[in-house]
Amino acid sequence: MIYHNRNPFVISVDSGSKDYRVSRRANGKWLEVDSFASRKSNPNNTTSLGSLVNVQAINLWLVLIMFGLLILLGRAAYLQISQGNHFSTVAEGNRIRIRDIKASRGVIYDRHRNLLVENISAFSLAVIPVDLPHDEDERRRLAEELSPIAEKSGEEIYNLMKEQSPYSYQPLVLRENLTDDQAIVTEIISSRYPGVTLYSNSYRHYLTTPNQPSLSHILGYTGKIEESKLQEYLANGYLIDDYIGKAGLEMSYEKKLKGVNGKEQVEVDALGETKEILAYQKALPGNNLVLTIDSELQKVAEESLRKNLKANNKNRGAVIGLDPKSGEVLIMVSLPAYDNNLFTRGIKQEDFSNLINDPDKPLFPRAISGEYPSGSTFKLVVGAAALEEGVANVNTGFNSVGGVAVGKWFFPDWKAGGHGWTTIYKAIAESVNTYFYMVGGGYNDFEGLGVNRIKKYAQAFGLTKPLGIDLPNEADGFFPDPEWKEKTKNEIWYIGDTYNISIGQGDILVTPLQVAAWTSVFANSGILYQPYLVKEILDSENNLIETAKPRVINQNFISQKNIAAISAGLRQGVTSGSARYLSGLPIAAAAKTGTAQWSSNKENHAWATAFAPYENPQIVLTVLAEESGEGSRVAIPVVYDILKWWSENR
């Protein structure tokens, strides 16, 4: 009898069969519990307790146990050694977190320190992925509650949450610029659900553009970082939900305006709520900009251009105003324009579609990007080139009888019967085509400049490449030549082509800014300045950091006497020529009109370019009115309105 756990049992052996039986006593009786045959491996019929157990089964279980232990040990080693730092960080992140502090974007002033752009505080609905409920059903309930505020479906919000890393502390912004009611509801929901937060931010507010939209092309607007450029910006210290300059000065001066984001190290509780600020790195606000633009003068220019365009049932045009002694841009109007506040909170698809589908292209900055035939404004360049090259002098004259005939072709003056005897002064004042045909292309035995020399001076005056204004997307203009014509049109260059470019027609293209720039050369005695819009850069407390200095593009390429001759012709244009409308001004002005042909079935573009006061020029004005007819009828009145206000107020 053997005792096991206080229960006796008996092992008996059948001497015949050599079988074993196991019995135990229960309730006073012996009951057979089990029986099994003897094993060949035990020839001596000896009996042991170990032989009662299935050794193979035990060995199998031992192997499985050891294998499981090895897996557990391997996993533990992997987590401790390879992933130890990661999980240590995650664990620490449940208590200590680093949060970003957005830098305030710099503001923008006009030249008289009138505020043009400011920052408005706002709230956004955001979730912190690491703090969100882990239960899927609870997450779906949360998504449904956030749906009305975020203006997204619950399923969409749920999927956005699911796409985020579960260890991410980066806020996932679901809706920006909440109303006061939406902010209150968000705060209530955040008290019931971990991970929901009312995220503080700011947006740009353009103060003047609702009533003065032409400033939109100068200031531009901000927008979210494009997905394709996100990694580049993140590597440069930007946050995933930062806004960047997308157009205008907001884009050109992004690095100055942006500032540097700060950080704070905080201790949080299990719900992600801040309990204590442990360390703090202050955000550095962006720099402020002071522009060269005179916003009041800009308003006068915009209103006058709009009025004169409307009188002709037109909508498109541009005005440039420069300080000829520095290149400072005083006025830059492009019409039609747009309200850039539409973009500050994320533009609606309907509004964006209306802008891009508008045939008048309100997003297009005509003043610097529009390219047009120059009309007679280019005669200033050709006249100066002829004098400088000795093709003509102030006494050289031609008899205008209505045009020039070359073979079967006739190149007319704009005045029937012609202008009579014409020198450079009258040629500029009355825009006499015959004079410029002669000095530009020559006639019979008289040798003109020719296309190559005209192109040389066009480039010297700033044509065929951008002037370098501090705005994006400036056009470079275009000047044709024989090589271009042969390559593009498969035609040779004719004398008629030279005649056409000599009066600013044909394939020549210029921007309003380029016309203003070459007009400045005659107002400042021979210097081509680079136009610019930012006069000063200030820190966030408006302390001066940097002052822009005028940059010379070209000078000393036209003599003073020849500049004086062209300027005298421009003055005569006001006293007795095509710009006589300006003679009623309280100050003496000099001006040139232009009428640019560009289509056989559409009206001509109207040009005017001027400077004042004549004795000591301080402002240059160039006006373009698209498809509006004659410059003297449409563009010159705009010049008049601007100069009248300027003389009385500036």
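Here's a quick rundown of the structure.

Definitions and limits used
- Residues numbered from 1 in each chain as written.
- Predicted model: local features only at pLDDT ≥ 70, side-chain atom pairs only at ≥ 80, totals over all residues.
- Heavy atoms only, no water.
- Helix = DSSP H or I, 4+ residues; strand = E, 2+ residues; numbered from the N terminus.
- Buried < 20%, exposed > 50% of the residue type's maximum accessible area, 1.4 Å probe, protein only.
- Contact = heavy atoms within 4.5 Å.
- Areas by Shrake-Rupley, 256 points an atom, 1.4 Å probe, with all protein chains shown as cover.
- Salt bridge = Lys/Arg side-chain N within 4 Å of Asp/Glu carboxyl O.
- Patch = residues over 30% accessible without salt bridge, like charges linked within 9 Å, V, L, I, M, F, W, Y side chains within 5 Å.
- Phe/Tyr/Trp six-rings, centres within 6.5 Å; stacked < 30°, edge-to-face > 60°.
- Core = buried A, V, L, I, M, F, W, Y, C linked by side-chain atoms within 4.5 Å.
- Axes fitted to C-alpha atoms, helices over the stretch in contact; angles between N-to-C directions.
- Parallel < 35°, antiparallel > 145°, perpendicular 65-115°, else oblique.
- Left-handed = near helix turned anticlockwise from the far one by under 90°.
- Nonpolar A, V, L, I, M, F, W, Y, C, P; charged D, E, K, R; others polar.

Looking at the overall build of the chain
Here is step 1 of the chain: For the chain, the helix and strand inventory stands at 21 helices and 27 strands.
Here is step 2 of the chain: Scored against the burial criterion, the 650 residues of the chain give a buried share of 50%.
Here is step 3 of the chain: Within the chain, contacts between residues at least 6 apart in sequence are counted, and of these 68% link residues at least 24 apart.
Here is step 4 of the chain: For the chain, the accessible surface area stands at approximately 32,100 Å², while carbon and sulfur atoms represent 50% of it.

Focus on the pattern of salt bridges
Here is step 1 of the chain: Taken as a whole and assessed by the stated rule, the structure comprises 31 salt bridges.
Here is step 2 of the chain: Residues Glu151 and Arg175 are paired through a salt bridge, measuring 3.1 Å at the closest nitrogen-oxygen approach. Pair noted here: Glu151 is in the loop between helix H3 (136–150) and helix H4 (154–163) and Arg175 is in strand E8 (residues 172–175), with a separation of 24 residues, a long-range link.
Here is step 3 of the chain: Notably, a salt bridge pairs Glu226 with Lys246, separated by 3.6 Å at the nearest N-O pair. Of this pair, Glu226 sits in the loop between strand E10 (222–224) and helix H7 (230–235) while Lys246 sits in the loop between strand E11 (243–245) and helix H8 (248–252), and the two are 20 residues apart along the sequence.
Here is step 4 of the chain: Glu226 gets classed as partly exposed once you look at its relative accessible area, which sits at 39%.
Here is step 5 of the chain: Taking relative accessible area as the criterion, Lys246 reaches 26% and is therefore assigned partly exposed.
Here is step 6 of the chain: Residues participating in the shared-partner salt-bridge network are Arg316, Asp360, Arg366, Glu626 and Glu627.

Some thoughts on a nonpolar patch on the surface
Here is step 1 of the chain: Taken together, the side chains of Leu60, Trp61, Leu64, Ile65, Met66, Leu69, Leu70, Leu72 and Leu73 define a hydrophobic patch exposed on the protein surface, amounting to about 990 Å² of accessible area.
Here is step 2 of the chain: By relative accessible area, which is 58% here, Leu72 ends up exposed.

Observations regarding the packing of aromatic side chains
Here is step 1 of the chain: Under the defined criterion, the tally for this structure stands at 18 aromatic pairs.
Here is step 2 of the chain: With a centroid separation of 5.5 Å and an interplanar angle of 70°, the aromatic rings of Phe398 and Tyr435 are classed as edge-to-face. Of this pair, Phe398 sits in strand E17 (residues 398–400) while Tyr435 sits in helix H15 (residues 433–441), placing them 37 residues apart in sequence.
Here is step 3 of the chain: Given a relative accessible area of 10%, Phe398 falls into the buried group.

A look at the nonpolar core
Here is step 1 of the chain: Counting 89 residues, the largest nonpolar core has Leu291, Met332 and Phe378 as its most contacted members.
Here is step 2 of the chain: In terms of residues, this core owes the most to one element, helix H19 (residues 512–523), which gives 8 residues.
Here is step 3 of the chain: Contacts of Leu291, omitting those with residues within four sequence positions, involve Ile108, Tyr109, Asp110, Arg111, Leu116, Ile218, Leu219, Leu249, Leu533, Val534 and Lys535.
Here is step 4 of the chain: With 35 residues, the next largest nonpolar core counts Val300, Leu335, Ala610 and Tyr640 among its residues.

Some details on the packing of helix H13 (residues 379–388) against H19
Here is step 1 of the chain: Between H13 and H19, whose axes approach to 10 Å, the crossing angle comes to 45°. Comparing their axes, H19 and H13 come out oblique. Read as a crossing pair, H13 and H19 show a hand that is left-handed. Contacts from Leu380, Val381 and Ala384 in H13 reach Trp518, Thr519 and Phe522 in H19.
Here is step 2 of the chain: Grouping the amino acids of the contact of H13 with H19 by side-chain chemistry returns 5 nonpolar, 1 polar and no charged.

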